[in-house]
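# Structural characterization, general
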Amino acid sequence: LLKLAVLGALSVSASSAMAALAVLPTSGTSPYVQCRTASNFGAQTDSTLPGASDSACVVTNGVGAALSLNSTPEPGFTLSTSNTSTITAFSETLGTLNERVFVNSPITQCIYAKQVIMSNTGTHDYNPQRSGTNRMEVNDFAFGGYTGAVSAGYAKADATTNSSVFRIGRTFTSVQMQPNVIGGASVAPGYQVLPPAGGTLGVQINGVGQTLTPPGSPSAAQQQAAFSSTHNWVDFTTDVVAAADEDGSTNPGSPTMYIQQACTANTTTATAGNFELRQTGQETQPFVSVTGTSRAPGTSIAP
């Protein structure tokens, strides 16, 4: 493995299942909120735009619409800064990270946008136990550097090539998810849509590990995720892969992932170690974490 705000009035609780960025919890029964329910965490085809009936965590301008990376996600915000960088792993290009900052006026709130496009040109095999050369399937993107109260959400720039977000957590820890069968429509027994709060702080991926005969049977402890004690990290659960994975789906582009918090300027700092792409063992895959660099308002990478 490569180890490689006071919030604006536009943000609402995800429990209301309404469109808008979701206020992330800092305490309670789970550090996660549920977002899109269609496609069972990507086990089934994710090729539609999130409509009004399945719009939890979707930004206002992304409901039922393809929203480009440079388009404002919420009324009252404008694009302020743009950055693009290459993600490398195993001495080859894994993908491209696109980052944007949107601000209101006068600046009291910032929305930090992230989008990853995976490359299909590499040769590294991210599941050697399976035939062929398997591309990395990113089940979670984790971002650090967001200390304080935050809300988070997503949009799809394209219905068929971008993944949805299935849950968002105020945690450093990604939690393994499995369908009842490969390509199945329901969650396998023992796996939790909203992982309970608990476990060891700093764990990158929690679960049973690689299951060559899926889905496996996790213990309660193997589905827990600890709140980010520094309130620093945000985890987005997705299903992103540049080539067809075991369930036959291909979504080479991530959703546009948004983090909103109070700010007084559009400033961000590129910080090594504050960005992770994680393959969390869906179907028969092994755990893989790739650590990279992203831009954030803060520079802490503490979990």
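Read on for an overview of the structure. (Residues numbered from 1 in each chain as written. Predicted model: local features only at pLDDT ≥ 70, side-chain atom pairs only at ≥ 80, totals over all residues. Heavy atoms only, no water.)

### Some thoughts on the packing of aromatic side chains
Two numbers describe a pair of aromatic rings. These are the distance of the centres and the angle of the planes. For the structure on display, the rule yields six aromatic pairs. Ring geometry for Phe143 and Phe236: centres 6.1 Å apart, planes at 75 degrees, overall edge-to-face. You can see Phe143 sitting in strand β6 (residues 138-143) and its partner Phe236 sitting in strand β11 (residues 234-240), a full 93 residues away along the chain. Across the pair, exposure class does not vary: Phe143 and Phe236 are buried alike. In this structure an aromatic cluster arises from ring pairing among Phe143, Phe236 and Phe275. Directly above the ring of Tyr32 sits Arg167, whose terminal nitrogen or CZ lies 5.1 Å from the centroid. (Phe/Tyr/Trp six-rings, centres within 6.5 Å; stacked < 30°, edge-to-face > 60°. Helix = DSSP H or I, 4+ residues; strand = E, 2+ residues; numbered from the N terminus. Buried < 20%, exposed > 50% of the residue type's maximum accessible area, 1.4 Å probe, protein only. Lys NZ or Arg CZ within 6 Å of the ring centre and 35° of its normal.)

### Observations regarding the pattern of salt bridges
Taken as a whole, this structure holds seven salt bridges when the rule is applied. Across the pair Glu99 and Lys114 runs a salt bridge, and its minimum N-O distance is 2.6 Å. A residue pair is termed long-range when its members are at least 10 positions apart, and Glu99 in strand β4 (residues 92-103) and Lys114 in strand β5 (residues 109-118) qualify at 15 residues. Here Glu99 matches Lys114 in class, with each residue buried. Three or more residues joined by partner-sharing salt bridges are found here, namely Arg36, Asp46, Asp54 and Lys156. (Salt bridge = Lys/Arg side-chain N within 4 Å of Asp/Glu carboxyl O.)

Any functional reading would require information that these geometric values do not contain.
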